[in-house]
Amino acid sequence: MRDVPAYVGRFAPSPTGPLHFGSLVAALASWLDARAAGGRWLVRMEDLDRPRCEPGAADSILRQLDAYGLQWDGTVLVQSLRDDAYAAALAALQAVGAVYPCACTRSQLAQAPRNHESEIIYPGTCRNGLAAGAIARAWRVRVPDAASRFHDRIHGELTQNLAHDVGDFIVKRADGWFAYQLAVVVDDAFQGITDVVRGADLLWNTPRQIYLQTLLGLPMPRYAHVPLITNAAGQKLSKQTRAPALPGAGQGAVMTQALAAIGHAPARELAGAGPAELLAWASASWQIKNVPRHPAIANTPP
Ligand code: GLU
């Protein structure tokens, strides 16, 4: 019998640019949770959104992980090479009538209501068939009008009604690329992920992913969403908010700040320590219950 690892975690960056302090925090929490459990930790490049990917970013990200001592196991899975797997999942959804073609354009949806994450709540325009002459552009999954409950290891029990808060969501985009929600579910299952630890910006994507897992008969990993890192203006660190890339030197000091943001400020004796020593200490001290729910402000944009 094959040995089934008890814990498989992952870090799934989108190579739209180098890692910044916020992405380091997510990677670090996921790495620590995996290593503290004696588990494996995988890296997956989420380069589905070709127009947003930056040449060379995937390599920079791997070099940055290396420089911060965040060693991964096995080979890196690259989503742009996995279209066949996503197409098979879409075909499975089509076969059971769980998805439908949608002809709506962005401008047609511009006036639709938005949820608390500013995402459009799809009003269901194409749910019962396309209007005469309309051209199918995307594929959407029909969502139930019912409470989806889920457990997050940091945020506790949460509930979302997919119909009210999201609406039927896209699994294949109008530009022909598969959507993140579909790919993430297919790949988490393919890689045997038992534990997803990622940034809280994705917390409210979880019910969509659990719903797809149910439709596709895939196992559901456990979820933990670590605090978002914001700049002084309260904006999430991202390429759009011009978050600087992680510095190529002084990694110990940056990692000390990152550990503090996830409730594991290193002991005073570790002042001046490098990443290897900090990681050894943090994986021995790791307790997910000490990770705060609230966002943290990056005090010095590193
Ligand atoms: N690729 C996503 C991002 O960089 C993360 C996906 C995930 O962790 O599920 O925001």
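Residues numbered from 1 in each chain as written. Predicted model: local features only at pLDDT ≥ 70, side-chain atom pairs only at ≥ 80, totals over all residues. Heavy atoms only, no water.

(A) View of the site of the ligand. Every residue lining the ligand is accounted for by Arg10, Ala12, Pro13, Ser14, Glu46, Tyr180, Val184, Arg198 and Leu202. Here alanine 12 contributes a backbone N or O atom positioned 2.7 Å from a nitrogen atom of the ligand. In the environment of the ligand, an oxygen atom lies 2.8 Å from a nitrogen or oxygen atom belonging to the side chain of arginine 198. Contact with the protein chains hides 79% of the accessible area of the ligand, taken as 300 Å² for the molecule alone. Looking at side-chain class alone, the shell around the ligand contains five nonpolar, one polar and three charged residues. (Near = heavy atom within 4 Å. Polar contact = N/O pair within 3.5 Å; in protein donor to acceptor, adjacent residues only side chain to side chain. Areas by Shrake-Rupley, 256 points an atom, 1.4 Å probe, with all protein chains shown as cover. Nonpolar A, V, L, I, M, F, W, Y, C, P; charged D, E, K, R; others polar.)

(B) Region of the structure containing the pairing of strand β10 (residues 222-226). Across the five residues of β10, four count as buried, placing the element largely inside the fold. Relative to β10, strand β9 (residues 195-199) runs parallel, the two sharing five bridges. Along β10, the bridge assignment pairs valine 197 with alanine 224. Crossover handedness for the path β9 to helix α6 (residues 206-216) to β10: right-handed. (Buried < 20%, exposed > 50% of the residue type's maximum accessible area, 1.4 Å probe, protein only. Helix = DSSP H or I, 4+ residues; strand = E, 2+ residues; numbered from the N terminus. Pairing = 2+ DSSP bridges. Right-handed = clockwise from strand over helix to strand, strands pointing away.)

(C) Structural detail: helix α5 (residues 180-190). With eight of its eleven residues buried, α5 lies for the most part within the structure. Along α5, the positions that sit buried rather than exposed are Gln181, Leu182, Ala183, Val184, Val185, Val186, Asp187 and Asp188. Immediately beyond the C-terminal end of α5, within one or two residues, lies glycine 192, with a positive phi of roughly 65°.

(D) Focus on the pattern of salt bridges. Per the stated rule, a full pass over the model turns up 15 salt bridges. With a shortest N-O distance of 3.3 Å, arginine 173 and aspartate 49 are connected by a salt bridge. Linking arginine 173 in the loop between β8 (169-172) and α5 with aspartate 49 in the loop between β2 (40-45) and α2 (57-67), this pair joins segments that are 124 residues apart in sequence. A residue is classified by how much of its surface remains accessible, and arginine 173, at 22% relative accessible area, is partly exposed. When the shortest N-O distance is used, the salt bridge between arginine 153 and aspartate 195 registers 3.3 Å. Of this pair, arginine 153 sits in the loop between β6 (147-152) and β7 (156-161) while aspartate 195 sits in strand β9; the two residues are 42 residues apart in sequence, bridging distant segments of the chain. Since its relative accessible area comes to 21%, arginine 153 is described here as partly exposed. A relative accessible area of 2% means that aspartate 195 is categorised as buried. (Salt bridge = Lys/Arg side-chain N within 4 Å of Asp/Glu carboxyl O.)

(E) Main features of helix α3 (residues 83-95). In this model, α3 (13 residues) spans 18 Å end to end at C-alpha, consistent with the 18 Å of a helix rising 1.5 Å per residue. Within the sequence span of α3, burial applies to Tyr86, Ala89, Leu90 and Leu93. Looking straight down α3, one finds that the buried residues subtend no more than 100° of arc, so they occupy a single side. Away from the buried face of α3 by more than 90 degrees, exposed residues Asp84 and Ala95 are located. On its buried side, α3 packs onto β4 (99-102), β5 (138-141), β8, α5 and α6. Once α3 ends, the next one or two residues include glycine 97, with phi positive near 70°. (Expected span 1.5 Å × (residues − 1). Arc of directions from axis to C-beta. Contact = heavy atoms within 4.5 Å.)

(F) Unusual backbone geometry, seen in detail. In the Ramachandran plot, serine 118 falls in the positive-phi region, its phi being about 65° despite a non-glycine side chain. Secondary-structure assignment places serine 118 in the loop between β4 and β5. According to the relative accessible area criterion, serine 118 is partly exposed, its value standing at 48%. Even without glycine at this site, arginine 242 takes up a positive phi of about 60°. Here arginine 242 falls in the exposed class, since its relative accessible area comes to 74%.

(G) Quick look at the packing of α5 against α6. Between α5 and α6, the least distance of the axes is 9 Å, while the angle of their chain directions is 60°. By the angle between their axes, α5 is oblique relative to α6. α6 is crossed by α5, and the crossing has right-handed handedness. Facing α5, whose interface residues are Tyr180, Gln181, Leu182, Val184 and Val185, α6 presents Arg208, Gln209, Leu212, Gln213 and Leu216. Residue composition of the contact of α5 with α6, by class: six nonpolar, three polar and one charged. (Axes fitted to C-alpha atoms, helices over the stretch in contact; angles between N-to-C directions. Parallel < 35°, antiparallel > 145°, perpendicular 65-115°, else oblique. Left-handed = near helix turned anticlockwise from the far one by under 90°.)

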